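# Residue-level structural notes
Each chain, written out:
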There are 2 protein chains.
Amino acid sequence: MPQQLTIGLFGFGVVGEGLYKILLQTPTLNAQIKKVVIKHADKIRNAPDELFTTDADELLSDPEINVIVEVINDTDAAFRIVSTALKNGKAVVSASKKMIAENLPKLLLIQEATGAPFLYESAACASIPVIRNLEEYYDNDLLSAIQAIANGSTNFILSRLFDDGISFSEALETAQELGFAETDPTLDVDGHDAAYKLQIILAHAYGIICQQNDFLFSGIRNIGLRDAQYAREKGYQIKLVAQARKLENGGLAAFVLPQFIKSTHPLALVKDEYNGVLIESGFSDQQFFYGKGAGSFPTASAVLSDISALSYNYRYAYKKLAQNKGGLGLSDDYFLSIYLSFEENTPIPLHHFESIEEWHREPGFNYITGRISVKTLWRNELWRQRGQSLILLPDAISDKPSTRRDTLKASLEAFLN
Amino acid sequence: MPQQLTIGLFGFGVVGEGLYKILLQTPTLNAQIKKVVIKHADKIRNAPDELFTTDADELLSDPEINVIVEVINDTDAAFRIVSTALKNGKAVVSASKKMIAENLPKLLLIQEATGAPFLYESAACASIPVIRNLEEYYDNDLLSAIQAIANGSTNFILSRLFDDGISFSEALETAQELGFAETDPTLDVDGHDAAYKLQIILAHAYGIICQQNDFLFSGIRNIGLRDAQYAREKGYQIKLVAQARKLENGGLAAFVLPQFIKSTHPLALVKDEYNGVLIESGFSDQQFFYGKGAGSFPTASAVLSDISALSYNYRYAYKKLAQNKGGLGLSDDYFLSIYLSFEENTPIPLHHFESIEEWHREPGFNYITGRISVKTLWRNELWRQRGQSLILLPDAISDKPSTRRDTLKASLEAFLN
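Let me sum up the structure you'll find in this document. (Residues numbered from 1 in each chain as written. Chains lettered and ligands numbered in written order. Predicted model: local features only at pLDDT ≥ 70, side-chain atom pairs only at ≥ 80, totals over all residues. Heavy atoms only, no water.)

Before going further, it helps to examine the packing of aromatic side chains. All told, the structure shown has 40 aromatic pairs over all chains when counted by the stated rule. Geometrically, the ring pair formed by Tyr316(A) and Tyr318(A) is edge-to-face, given 6.0 Å between the ring centres and 85 degrees between the ring planes. Of the two residues, Tyr316(A) and Tyr318(A), both sit in the buried class. Taking the centre distance of 5.2 Å and the plane angle of 45 degrees together, the rings of Tyr230(B) and Phe260(B) count as tilted. A residue pair is termed long-range when its members are at least 10 positions apart, and Tyr230(B) in helix α10 (residues 225-234) and Phe260(B) in strand β10 (residues 252-262) qualify at 30 residues. No difference in accessibility class separates Tyr230(B) from Phe260(B), as the two residues are buried. Put simply, the rings of Tyr230(A), Tyr236(A), Phe260(A), Tyr339(A), Phe365(A) and Tyr367(A) touch in pairs and so form one group of aromatic residues. If you follow Arg160(B) out to its NZ or CZ, it ends over the ring of Phe156(B), 4.9 Å from the centre. Positioned above the aromatic ring of Phe162(B), the side-chain terminus of Arg232(B) is 5.3 Å from the ring centre. (Phe/Tyr/Trp six-rings, centres within 6.5 Å; stacked < 30°, edge-to-face > 60°. Buried < 20%, exposed > 50% of the residue type's maximum accessible area, 1.4 Å probe, protein only. Helix = DSSP H or I, 4+ residues; strand = E, 2+ residues; numbered from the N terminus. Lys NZ or Arg CZ within 6 Å of the ring centre and 35° of its normal.)

Moving on: the sheet that holds strand β6 (residues 118-119) of chain A. Residues and elements named next belong to chain A. Within the open sheet, the 6 strands sit side by side as β3-β2-β1-β4-β5-β6. Their pairing is parallel. The two strands at the open ends of the sheet, each matched to only one other strand, are β3 (52-53) and β6. Sheet strands in contact with helix α3 (residues 75-87) are β1 (5-10), β4 (67-70), β5 (91-94) and β6, and its direction is about 170 degrees off that of β4. (Pairing = 2+ DSSP bridges. Contact = heavy atoms within 4.5 Å. Axes fitted to C-alpha atoms, helices over the stretch in contact; angles between N-to-C directions.)

Residue and element names in this part refer to chain B. The phi dihedral of Glu381 falls on the positive side, at around 45 degrees, and the residue is not glycine. Tracing the sequence through the fold places Glu381 in the loop between α13 (374-379) and β16 (389-398). The residue Asp395 is not glycine, and still its phi comes out positive at about 50 degrees. Here Asp395 shows up in strand β16. On the basis of relative accessible area, Asp395 is assigned to the exposed category, the value being 64%.

The next thing to look at is the pairing of strand β12 (residues 285-292) of chain A. All names here are of chain A. In terms of burial, β12 is largely enclosed, as 6 of its 8 residues are buried. Note: strand β11 (residues 274-281) against β12, 8 bridges, orientation antiparallel. Of the residues in β12, the one forming a bridge with Ile279 is Gln287.

Across the contact, 43 residues belong to chain A and 43 residues belong to chain B. Summing both partners gives a buried area of about 3800 Å² for chain A against chain B, and 57% of it is carried by carbon and sulfur. Connecting chain A to chain B are 2 salt bridges. As a salt-bridge pair, Lys292(A) and Asp285(B) come within 3.6 Å of each other at their nearest N and O atoms. The interface formed by chain A and chain B holds 11 residue pairs in polar contact (both at pLDDT 80 or more) in total. Elements represented by at least two residues in the side of chain A that touches chain B include exactly α5 (130-136), β12, α11 (296-310) and α12 (319-323) of chain A. It is β12(A) that provides the largest number of residues to the side of chain A that touches chain B, a total of 8 residues. The class makeup of the residues in the side of chain A that touches chain B is 22 nonpolar, 13 polar and 8 charged. Of the pairings in the sheet, the one linking β12(A) to strand β12 (residues 285-292) of chain B comprises 3 bridges and is antiparallel in character. By the bridge assignment, Tyr290(A) is partnered in β12(B) with Phe288(B). (Buried area = accessible area lost by both parts, 1.4 Å probe. Salt bridge = Lys/Arg side-chain N within 4 Å of Asp/Glu carboxyl O. Polar contact = N/O pair within 3.5 Å; in protein donor to acceptor, adjacent residues only side chain to side chain. Nonpolar A, V, L, I, M, F, W, Y, C, P; charged D, E, K, R; others polar.)

This is the structure in structure tokens:
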């Protein structure tokens, strides 16, 4: 029989209120919200007054409350709530990806010490059950690659840029108006949010615990209409993709970068605020999961699925962590095929490339495509240069430098010298 | 720590041999095949001779073997093996969808009596983890609809018919040559296989146990090139879809029928031998799972994931069955929008329709589109008529008869009388 759950909820923003409404419509799930902690007592809310309090301790020390659900925006406060609740022996569900990604080692220790379950399915790809499937379904040995569109805001912006031909700043404004992007969009558009999710995915897929700066990530701020036009001409779309791939050298490549996606690729299906995850496994080939990645109800429904799992005593076994005792780690010893567009009259970083496929020059639109070592790319932070837009080409990852067409590099260099 | 698994394997056909090869490549999974039961001792196999036996009891009564994996083709034998193994207290993994669908009530009783776990993820949509996600992730209250391309053979045939413009019989031959269809293709092309999978899905999604004849199902045998041409002109594809949808009347519509799929619909992505499952849930909106649905390794990798789950003591909780104590049942009280093409000089079943949208006549190509009650459709078995091809229109299910355009019906009837 499922366990009776009495919930203490932290946060009554879009996700918290969404969850409140969903729980009213799921009577078979034996779960009730007893109390909700809010920051501002004087705001008008669509729920009975007696449900709310501003006193966190009232919930954290209430012995009747056996589940704490935390859906607030303040990372530090979220960590305090989650760790206190776990130490008090309560089960916890959290949607705070930044907090989880930054504090995973500590949260693992607390879980081990207290034995209290901690679930956070909504923290990676919202409504898509990616954590649970990676945790339960895919054997570590066979999981050769993961590619994820993990951030709904940037995918929405790229869809507008691409489908509607509007600029990045116009698209960002639209996304903010529709509630798909925060007022401060930095975490989304500069790739941090997708990187947090990649950190969580790496833990559950490969048993690798890392910090954000342990891998390469960038966002979509520099992507312009000319880049979108290039993509269209080639039959590509542009997506911000968080990915990991096992290398022949025994290490794991992991990064978040914008990438050209062929129209036949499953990730091309992922439009607007949707998310998608493509899993490549040794024997099952490609598997693809797709669902809403932003918004009140998709996130709340993932939180609900965690609550439902708690009622059957589910917890993450962190199998892959147990299996991967230092065996598999992140590597920067590989190469990427990239497209780099740049403004007129900027120095062209030709010398960084291992090989060059194409060099395009026309008034107002310059780009190079070619292969580059990740070490070089990272050291020189090529994605950060002003007016420069770096986008991965399809099938970008390679263990080896390319020798193809580096005659072009030689002749270009000869011409320039 | 994961449990050490000693496996007794029944069957060394494509799936069994696939599993044998995969297990050799998954050292972190603590699982070894001790013995394999085969039917024909004299066949040459790609594995050491001492692995094989023809004596089932040798495995079923071996106390060292704690897991029986059954991947044979004989339904009756499969049931005997599975039920004996469960009664002997062994965990069981099976890939026999027909056996499971036909014997689910008995298998539930045996599981209850023995407490032994029984997993069969590969029995529905092969490599896609659909059973486990329905079982664990989606709350019954919110699961409004499921649409699945669950049979890789028919999807391969339809892809050939559609993309290559070859006839059904030519496409079937190609599928057989490539190993995507059985020598006797009846179970696939007449919709039985998809219907078995729908039975399994209904149990885990809605807690409904039913027999195959409790719902409407048909296959793709009558679909012709003109039907494919109609689809192309409208921008549709044709897919054999197993589906379930909650009705306003409180019942559940469930059936397997060929359907026109719009090119923007996620199921349109599902080509060749792939499978896809679209789940509509109250608050998470649409979620889509996609992966290989036929072939040795995709099926074997789903079997592997069950073995891996057993090592962590996973079992199906059959939550939805516990929740749905007779509350939700199958209904035939709804309407479908259909396309029906038919041969020249056959009586046109105009009178069966509630309303008619279109009636097309040209030499060699006749069709009607309109809305029909499921009771009428079923009673008259319209999908079985020779030379007649029945395909659902997009968004076919409706609780109410349509009143739109039945003026056309009136004028047609007036013209005919």
